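# What the coordinates show
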Amino acid sequence: MSVFDNQQHYGKVSRFFHWGMAIVLSAQFLTALTRFFFEDSWLDKLLWGLHKPMGFLLLLFVVLRGLWALMNRSRRPASVSRAAVLGHRALYGLMFVIPVLALIRQYGSGRAFSPFGIPLMDGFEGEKIEWMVGLGNLIHGELAWLLLAFTLGHIVMALWHRIRKSHEDVLTRMW
Ligand code: HEM
Ligand code: HEM
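Description of the structure in this document. (Residues numbered from 1 in each chain as written. Chains lettered and ligands numbered in written order. Predicted model: local features only at pLDDT ≥ 70, side-chain atom pairs only at ≥ 80, totals over all residues. Heavy atoms only, no water.)

Right, let's talk about the site of ligand 1 for a bit. In the neighbourhood of ligand 1, 20 residues make up the surrounding shell, with Gln28, His51, Arg105, His140 and Trp145 lying closest. Between ligand 1 and Arg105 there is a distance of 2.8 Å, counted from an oxygen atom to a side-chain nitrogen or oxygen. Of all the cavities here, the one that holds ligand 1 is the second largest pocket. Where the shell around ligand 1 is concerned, the elements lending two or more residues are α1 (12–38), α3 (51–71), α4 (82–108) and α5 (130–163). Split by residue class, the shell around ligand 1 holds 13 nonpolar, five polar and two charged. (Near = heavy atom within 4 Å. Polar contact = N/O pair within 3.5 Å; in protein donor to acceptor, adjacent residues only side chain to side chain. 1 Å grid on protein atoms, 1.4 Å probe; cavity = no way out; pocket = protein on both sides within 12 Å on 5 of 7 lines; lining within 4 Å. Sits in = over half its atoms within 2 Å of the grid points. Helix = DSSP H or I, 4+ residues; strand = E, 2+ residues; numbered from the N terminus. Nonpolar A, V, L, I, M, F, W, Y, C, P; charged D, E, K, R; others polar.)

Glancing now at the coordination of the iron atom of ligand 1. Surrounding the iron atom of ligand 1 are the protein donor atoms His51 (NE2) and His140 (NE2), at 2.0 Å. Around the iron atom of ligand 1 sit six donor atoms, and with donor-metal-donor angles ranging over 87 to 179 degrees the site reads as octahedral. Separated by 89 residues along the polypeptide, His51 in helix α3 and His140 in helix α5 bring together distant segments of the chain. Residue classification places His51 among the buried positions, given a relative accessible area of 12%. Relative accessible area serves as the criterion here: at 13%, His140 is assigned to the buried category. (Donors = N, O, S within 2.8 Å, 3.2 Å for Na, K, Ca; no water. Tetrahedral: all angles 85-135°; square planar, octahedral: opposite > 155°, others 65-115°. Buried < 20%, exposed > 50% of the residue type's maximum accessible area, 1.4 Å probe, protein only.)

Take the packing of aromatic side chains next. Across all of its chains, the model carries 10 aromatic pairs by this definition. On the basis of an interplanar angle of 55 degrees and a centroid distance of 6.4 Å, the ring pair of Phe37 and Phe38 is categorised as tilted. Pair check on accessibility: Phe37 and Phe38 agree, each one exposed. (Phe/Tyr/Trp six-rings, centres within 6.5 Å; stacked < 30°, edge-to-face > 60°.)

Each pair of packed helices can be described by the angle between their axes along with the distance between the axes. Between α1 and α3, whose axes approach to 10 Å, the crossing angle comes to 155 degrees. Considering the angle they form, α1 stands roughly antiparallel to α3. Seen from above, α1 lies across α3 with left-handed handedness. For the pair α1 and α3, the contacting residues are Val13, Ser14, Phe16, Phe17, His18, Met21, Val24, Leu25, Ala27, Gln28, Thr31 and Ala32 in the first and His51, Met54, Gly55, Leu57, Leu58, Phe61, Val62, Leu64, Arg65 and Trp68 in the second. In terms of residue class, the contact of α1 with α3 is made up of 15 nonpolar, six polar and one charged. (Axes fitted to C-alpha atoms, helices over the stretch in contact; angles between N-to-C directions. Parallel < 35°, antiparallel > 145°, perpendicular 65-115°, else oblique. Left-handed = near helix turned anticlockwise from the far one by under 90°. Contact = heavy atoms within 4.5 Å.)

Between α3 and α4, the shortest axis-to-axis distance is 9 Å and the interhelical angle comes to 140 degrees. With respect to each other, α3 and α4 are oriented oblique. In this structure, α3 crosses over α4, and the sense of that crossing is left-handed. Of the residues in α4, those touching α3 at Lys52, Gly55, Phe56, Leu59, Val62, Val63, Arg65, Gly66 and Ala69 are Tyr92, Met95, Phe96, Pro99, Val100, Leu103 and Gln106.

Surrounding the iron atom of ligand 2 are the protein donor atoms His18 (NE2) and His154 (NE2), which sit 2.0 Å from the metal. Classification of the site at the iron atom of ligand 2 rests on its six donor atoms, whose angles at the metal span 88 to 180 degrees, yielding the label octahedral. Placement of the pair is His18 in helix α1 and His154 in helix α5, with a sequence separation of 136 residues. You can call His18 buried: its relative accessible area is 14%.

This part takes up the layout of surface pockets. Regions of empty space are outlined by a rolling probe, equal in size to a water molecule, passed over the atoms. Considered as a void within the structure, the largest pocket measures approximately 1600 Å³ in volume. At the level of secondary structure, the elements contributing two or more residues to the lining of the largest pocket comprise α1, α3, α4, α5 and α6 (171–174). Tallied by class, the residues present in the lining of the largest pocket amount to 30 nonpolar, 14 polar and five charged. Space inside the second largest pocket adds up to approximately 810 Å³. In this structure, the second largest pocket is lined by 31 residues; those nearest its centre are Trp48, His51, Ala102, Arg105 and His140. Going through the elements one at a time, α1, α3, α4 and α5 are the ones with two or more residues in the lining of the second largest pocket. It is α5 that contributes the most residues to the lining of the second largest pocket, eight residues altogether. The residue inventory of the lining of the second largest pocket, partitioned by class, reads 17 nonpolar, eight polar and six charged. (Points joined across faces, edges and corners; volume = space filled by probe spheres on them.)

Note that every value here comes from positions in space, so none of it alone points to a role or purpose.
Here is the structure:
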């Protein structure tokens, strides 16, 4: 298997990003689902502390993955349909916008933020920046649930293409 993508298969780096992010994103949704259904439970107390740093990590990942995808654009396997192209673009868009909105809110709250000990935001004294906090409150969670729904649809479609013998089995390109 080569480092770069080719017409038949995604290469090592694309697979690393795809499956690595699938694992971290699943863990991210686990922290959010635990908060949503069992707020203040022992599990929520254990997991919620991971949500912000892991969300930041996912943002770094998606930026690198997007750049890698652009570099490999002419090499990678052709999408099976226009719907697949649009679906993958929507996944990229949401994976980028969701953590960015959260970071804007974090900045606007005036509270310091140091994911994995990296001093990303120093925080500030005084009033919060209302529009920054309001924007995140309004749509960070909503868009994230939308991403979960799109991801589940994406998984179903990958399995559907595998089951239907007349379709191209796209799973072998990524697995
Ligand atoms: C791809 C990355 C991320 C995903 C998929 C994600 C997903 C979610 C989800 C599903 C919720 C629950 C919403 C609800 O209860 O209705 C949530 C809430 C929250 N997230 Fe994230 N998140 C991400 C990144 C981040 C980052 C980077 C931060 C902070 C720096 C953050 C901070 C929060 C906070 C404070 C809440 C609770 C308030 C709210 O519901 O908006 N998230 N997130
Ligand atoms: C069990 C989980 C998953 C399965 C079975 C799966 C399956 C696949 C397959 C078979 C492809 C290749 C499609 C093609 O070439 O037309 C693909 C590509 C892709 N998948 Fe997934 N996927 C999973 C999880 C995820 C998750 C969690 C995300 C992000 C939310 C994601 C985002 C993407 C994107 C953006 C592509 C386009 C190629 C790229 O730029 O990396 N997938 N996936």
